[in-house]
Amino acid sequence: MSPGHRLVEGRTHWRRSLAVAVPALLAAGGIGTAMAGGALAVGLRVQDRPVDFTTSSLYGTQYGAAVVDQTVVRPDGSTATVRVLRMGFADGVLNGLCLSRRQEIAGATYTLLLTLGDDDPGSWEIRTRNTVLDLRSATGVLDMDGVVDLNVNGADVKTVKDAGGAYVVNPLDSPPHRFGIQARYAKFDRIVGTAQDFQIPGLLTTPELKLAVRPGTVACPAPAAPTGTPGTP
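Nothing here was measured: the structure is a model prediction, and the numbers come from that model.

**Here's the deal with the state of the cysteines**
Here comes step 1: Inspection of the entire model under this criterion finds one disulfide.
Here comes step 2: The side chain of Cys-98 participates in a disulfide bridge whose partner is Cys-220; the two sulfur atoms lie 2.1 Å from each other. With the S-S bond torsion at -80 degrees, the cross-link from Cys-98 to Cys-220 turns out left-handed. With Cys-98 in strand E5 (residues 97–105) and Cys-220 in the segment after strand E11 (209–215), this pair connects stretches of sequence that are 122 residues apart.
Here comes step 3: A relative accessible area of 6% means that Cys-98 is categorised as buried.

Shown next, in the form of structure tokens:
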């Protein structure tokens, strides 16, 4: 058998591995998307296991955050509780977004990379509504404006809207007597973090979405510094 023939077989094997790994990663990783035509509209949900993410910038209105207890399932099927910072905002824009999730499939490690948006660090091209993030860790630069309340009772935080446009009381499901933040506007730059839960249940519009499965452990690229100012969500 010629070396060239072996190379072709290897590529074919990798394509078959991708065909198996993509749906398996989406299912086992708890990642779900629903897409429609035009400027891509997506309902995004990442649950069950932590996901690493990066974004150049996130800007949102009616920002709220509170410390909550999140129930997680261990690899052996037992449950545990982790404390996370649950953040939410009613309307927002993101300047690019990358999600990275590792998964074991048939004894091999794969990384699912989900990339949204374009490569322009000044476009803030992704628009979201009623976004909720459960953060286990994150680094970046936070700037809040408007009416800013620190140490707000977590149960008093209001951030997402109902179908009629009214702010929902305690949408973060946070208990009383926990640290909370409320701000009319919030902007995060160059975020690198790990989220226990990532939910954009209503509407996310992005000009582009890329899905890739790579062998081994692959991290999202470091986020670029944003340029300019975000548009109004």
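**Let's talk about a nonpolar patch on the surface**
Here comes step 1: Taken together, the side chains of Val-148, Leu-150 and Phe-179 present a nonpolar region at the surface, about 250 Å² in accessible area.
Here comes step 2: Tracing the chain through its elements places Leu-150 in strand E7 (residues 126–150).

**Structural notes on unusual backbone geometry**
What you tend to see is this: most non-glycine residues have negative phi, and most peptide bonds are trans.
Here comes step 1: Its identity as a non-glycine residue notwithstanding, Asp-173 has a phi of 55 degrees, on the positive side.
Here comes step 2: Here Asp-173 is to be found in the loop between strand E9 (167–169) and strand E10 (180–206).
Here comes step 3: For His-177, which is not glycine, the phi dihedral falls at a positive 65 degrees.
Here comes step 4: Of note, His-177 is situated in the loop between E9 and E10.
Here comes step 5: The exposure class of His-177 is exposed, given its relative accessible area of 74%.

**Examining the confidence of the model for the protein**
Here comes step 1: In this model, the protein carries an average pLDDT of 77, and 77% of its residues clear a pLDDT of 70 or more.
Here comes step 2: Within the protein, the lowest mean pLDDT, 40, falls on helix H1 (residues 3–28), and the highest, 88, falls on strand E3 (residues 51–73).
Here comes step 3: Across residues 1–32, confidence stays below pLDDT 50; counting only partners more than four residues off in sequence or on other chains, it has 39 contacts.
Here comes step 4: Per-residue pLDDT stays below 50 along residues 34–38; that stretch engages in eight contacts with residues further than four places along the chain or on separate chains.

Reading the values: the criteria
Residues numbered from 1 in each chain as written. Predicted model: local features only at pLDDT ≥ 70, side-chain atom pairs only at ≥ 80, totals over all residues. Heavy atoms only, no water. Disulfide = S-S within 2.5 Å. Helix = DSSP H or I, 4+ residues; strand = E, 2+ residues; numbered from the N terminus. Buried < 20%, exposed > 50% of the residue type's maximum accessible area, 1.4 Å probe, protein only. Patch = residues over 30% accessible without salt bridge, like charges linked within 9 Å, V, L, I, M, F, W, Y side chains within 5 Å. Areas by Shrake-Rupley, 256 points an atom, 1.4 Å probe, with all protein chains shown as cover. Salt bridge = Lys/Arg side-chain N within 4 Å of Asp/Glu carboxyl O. pLDDT = per-residue confidence, 0-100. Contact = heavy atoms within 4.5 Å.

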